[in-house]
Amino acid sequence: MTDRAPLSREIALAAAALEALRAGRALPAALDAALASASKRGPLPDPSRAAVRDMAHQAARSLGLVDALAARLNRRPPAARLAALQAVALAQLIEPIRAEAVIVDQAVEAARAAPDTAPAAGFLNATLRRFLRERESLLAAAREDPVARWNHPRWWIELLQHDHPSGWQSVLEAAEAPPPMTLRVNRRRATPEQYLARLTEAGLGARQVGEQALTLDRAVAVDALPGWADGAVSVQDAGAQLAAPLLAPAPGERVLDACAGPGGKTTHLLELADCDLTALDVDESRLAPVRENLARLRQQARIVEGDARRPEAWWDGRPFDRILADAPCTASGIVRRHPDIRWLRRRRDIATLSARQSEILAGLWPLLKPGGKLLYATCSVFASENEPVVAGFLATHADARRLPLRARIGGADETIAQLLPTSGPFRDHDGFFYALLEKRP
């Protein structure tokens with residue numbers, strides 16, 4: 001087997017995934033389907049599979065600009081598959097990592113290889129070459145539109161401007177940066193300093209960005225990480241790593257991780273304390289990675305499929321000392337890792353999700369012991385999913401009070417609530433919101 005499939009095949013597969021995204025399918029599922037389909041023609045080398053994913057993510061990340069360019073290059077909208085091929089090629093040409101002529105040639109070859117796009121191969125060639133001739137003027141004109149400038153839907157940009165008047169631009173800029181690969185060092189196995197030494201021995205550079213968080217200089221396959229199979233580290237964003245320490249479980253306590261999938265916070269809680277932990281999720285498919293993470297880290301937890309809003313269907317009646325409610329949300333704080341989210345979400349989703357978040361808090365509160373603590377968390381930067389949800393809960397629950405939160409991030413100790421995404425040498429994390437609620441004794 002060669003090291004790589006032809007670039008034309010990789011472009012075609014990335015375009016198939018992008019076409020599915022435009023039709024409303026989540027990009028990970030779209031990529032899995034495209035790669036599964038490709039395997040029917042013969043094995044696709046691992047480097048090509050990675051390249052397909054990279055190209056599809058790059059196209060999704062720059063989709064606002066790509067669409068604005070296409071509107072200037074095309075006299076009328078092309079068919080869906082051809083439009084996707086053009087989009088993937090344009091995304092590669094905006095910031096090329098290989099020769100521009102090769103990108104154009106292989107994109108055109110991808111069009112020729114499929115019966116439905118072959119007749120328009122000449123059109124694709126002409127539009128891509130025109131882009132190269134008029135690159136600067138076309139880019140400048142396209143970027144006059146905020147959707148193209150920031151590669152987010154207009155409503156998303158306007159909502160960020162409203163919610164974060166002084167920080168909205170930095171939030172959008174962070175979403176354009178490639179996400180880092182950040183590790184959580186299992187403190188039962190090593191200190192961050194000790195694991196940094198192991199990384200150095202393996203030829204991997206990294207920097208510390210949190211109490212247990214190390215960000216690699218370059219992403220690698222997880223099985224290339226020293227001690228991965230033995231549970232020495234896990235992959236988890238530095239901002240997400242705050243949840244377990246903020247909840248601060250103690251040995252022997254009953255702890256509920258109420259929206260547990262895929263298990264990063266579940267395993268972190270168990271690293272911090274030998275607690276009696278229940279991992280709950282409404283979706284069985286999200287519990288599969290929880291089990292996998294627990295097995296790799298050699299941890300034990302009770303796994304339960306159930307709805308946090310309706311505990312009567314699964315709760316055994318014994319109260320919990322600590323509850324983590326990492327509530328379903330728009331995921332607007334993690335779009336640098338999931339660039340498809342911005343194109344799949346609709347503004348009306350926020351009201352639906354905030355109502356569900358309030359229901360989750362109300363459903364879980366009776367399960368908490370007097371004196372117990374519940375950490376409400378989202379990976380959202382939209383205000384409606386955060387402070388108003390907590391304020392509404394406090395207004396209707398006289399036995400609840402909010403406690404102040406502080407954590408050390410990037411070398412500085414600070415108050416924690418709304419954490420906006422940022423990318424820097426020693427502070428590099430996604431966007432999260434945290435609120436700690438205590439039940440009055």
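Conventions adopted
- Residues numbered from 1 in each chain as written.
- Predicted model: local features only at pLDDT ≥ 70, side-chain atom pairs only at ≥ 80, totals over all residues.
- Heavy atoms only, no water.
- Buried < 20%, exposed > 50% of the residue type's maximum accessible area, 1.4 Å probe, protein only.
- Helix = DSSP H or I, 4+ residues; strand = E, 2+ residues; numbered from the N terminus.
- Pairing = 2+ DSSP bridges.
- 1 Å grid on protein atoms, 1.4 Å probe; cavity = no way out; pocket = protein on both sides within 12 Å on 5 of 7 lines; lining within 4 Å.
- Points joined across faces, edges and corners; volume = space filled by probe spheres on them.
- Nonpolar A, V, L, I, M, F, W, Y, C, P; charged D, E, K, R; others polar.
- Contact = heavy atoms within 4.5 Å.
- Axes fitted to C-alpha atoms, helices over the stretch in contact; angles between N-to-C directions.
- Lys, Arg positive; Asp, Glu negative; His and termini not counted.
- Salt bridge = Lys/Arg side-chain N within 4 Å of Asp/Glu carboxyl O.
- Polar contact = N/O pair within 3.5 Å; in protein donor to acceptor, adjacent residues only side chain to side chain.
- Expected span 1.5 Å × (residues − 1).
- Arc of directions from axis to C-beta.
- Phe/Tyr/Trp six-rings, centres within 6.5 Å; stacked < 30°, edge-to-face > 60°.
- Lys NZ or Arg CZ within 6 Å of the ring centre and 35° of its normal.

Moving on, we come to the pairing of strand E11 (residues 406-409). Alternating positions in E11 separate cleanly, Ala407 and Ile409 being buried on one face and Arg406 and Arg408 remaining unburied on the opposite face. In this antiparallel pair of consecutive strands, E11 and strand E12 (residues 412-415), the connection spans two residues, and Gly410 shows a positive phi of 55 degrees.

Glancing now at the layout of surface pockets. Reported here for the second largest pocket is a volume of approximately 390 Å³. Taken together, 16 residues form the lining of the second largest pocket, with Arg9, Ala12, Leu13, Arg41 and Arg81 sitting closest to its centre. Sorting the residues of the lining of the second largest pocket by element identifies helix H1 (7-22), helix H2 (27-39), helix H5 (80-94) and helix H6 (100-112) as the ones contributing at least two each. Looking at side-chain class alone, the lining of the second largest pocket contains nine nonpolar, three polar and four charged residues.

Mapping Val235 onto the fold places it in strand E4 (residues 233-235). Accessibility expressed as a relative area gives 42% for Val235, which makes it partly exposed. Sequence-wise, Val235 and Val222 are 13 residues apart; in three dimensions their C-alpha atoms are separated by 8.3 Å. Once you skip the residues sitting within four places of it in the chain, Val235 turns out to touch Met181, Thr182, Leu183, Val222 and Trp228.

We now examine the sheet that holds strand E2 (residues 206-208). The strand order E2-E3-E1-E4 describes an open sheet built from four strands, whose pairing is antiparallel. With partners counted over all chains shown, the strands left at the sheet margins are E2 and E4, one partner each. Neighbour to neighbour, the strand axes of the sheet diverge by 30 degrees on average, direction disregarded. Relative to strand E3 (residues 213-216), E2 is paired through three bridges, and the arrangement is antiparallel. Residue pairing for E3: Arg207 is matched across the bridge by Thr215.

What follows is about empty space enclosed by the protein. The tally for this structure, following the rule as stated, stands at one cavity of 30 Å³ or more. Taken as a whole, the largest cavity encloses approximately 50 Å³ of empty space. Lining the largest cavity are His152, Trp156, Val171, Ala174, Ala175, Ser332, Gly333, Ile334, Val335, Arg336, Pro421 and Asp430. Here the lining of the largest cavity takes three residues from helix H11 (residues 168-176), the largest share from any one element. Of the residues in the lining of the largest cavity, the class split is seven nonpolar, three polar and two charged.

As a further point, take the side chain of Lys439. Checked against the element boundaries, Lys439 lands in strand E16 (residues 432-439). Buried Lys439, no salt bridge; nearest opposite-charge side chain is Asp399, N-O distance 4.6 Å. Only 2.8 Å separates the side chain of Lys439 from the backbone oxygen of Trp365, close enough to count as a polar contact. Ignoring anything within four residues of it in the chain, the contact list for Lys439 reads Trp365, Pro366, Leu368, Lys369, Pro370, Gly371, Gly372 and Asp399.

Summed over all chains, the structure comprises 34 salt bridges. The partner of Arg310 in a salt bridge is Asp307, with the nearest N and O atoms 2.6 Å apart. Given a relative accessible area of 16%, Asp307 falls into the buried group. Via salt bridges that share partners, Arg207, Asp237, Arg336, Arg337, Asp428 and Asp430 belong to a single interconnected network.

Here the focus is helix H14 (residues 264-272). Most of H14 sits inside the fold, with eight of its nine residues counted as buried. Taken together, the buried positions of H14 are Lys265, Thr266, Thr267, His268, Leu269, Leu270, Glu271 and Leu272.

What sets the pattern is the α-helix's 3.6 residues per turn: residues three or four places apart point alike. With 13 residues, helix H7 (residues 121-133) should cover 18 Å at 1.5 Å per step; its first-to-last C-alpha distance of 19 Å lies within 8% of that length. Every buried residue of H7 is accounted for by Ala121, Leu124, Thr127, Leu128 and Phe131. Looking straight down H7, one finds that the buried residues subtend no more than 135 degrees of arc, so they occupy a single side. Of the surrounding elements, those touching the buried residues of H7 are helix H4 (63-73), H5, H6 and helix H8 (135-142).

Before going further, it helps to examine the environment of Arg408. Structurally, the position occupied by Arg408 is in strand E11. Arg408 gets classed as partly exposed once you look at its relative accessible area, which sits at 42%. Between the C-alpha atom of Arg408 and that of Gly210, which follows or precedes it by 198 residues, the distance is 7.0 Å. Ignoring sequence-local partners within four residues, the contact set of Arg408 consists of Glu211 and Asp413.

It is worth spelling out the packing of aromatic side chains at this point. Here the structure, examined in full by the defined rule, presents seven aromatic pairs. A connected cluster of aromatic rings, assembled from ring pairs, spans Trp155, Trp156 and Phe382. Its guanidinium or amino end placed over the ring of Phe320, Arg254 lies 4.4 Å from that ring's centre, counting from NZ or CZ. In this structure, Arg296 is placed above the aromatic ring of Trp228, and the distance from its NZ or CZ to the ring centre is 3.6 Å.

Following the sequence through the fold, Pro115 ends up in the loop between H6 and H7. Since its relative accessible area comes to 75%, Pro115 is described here as exposed. A sequence separation of 267 residues divides Pro115 from Phe382, and the C-alpha atoms of the two residues are 44 Å apart.

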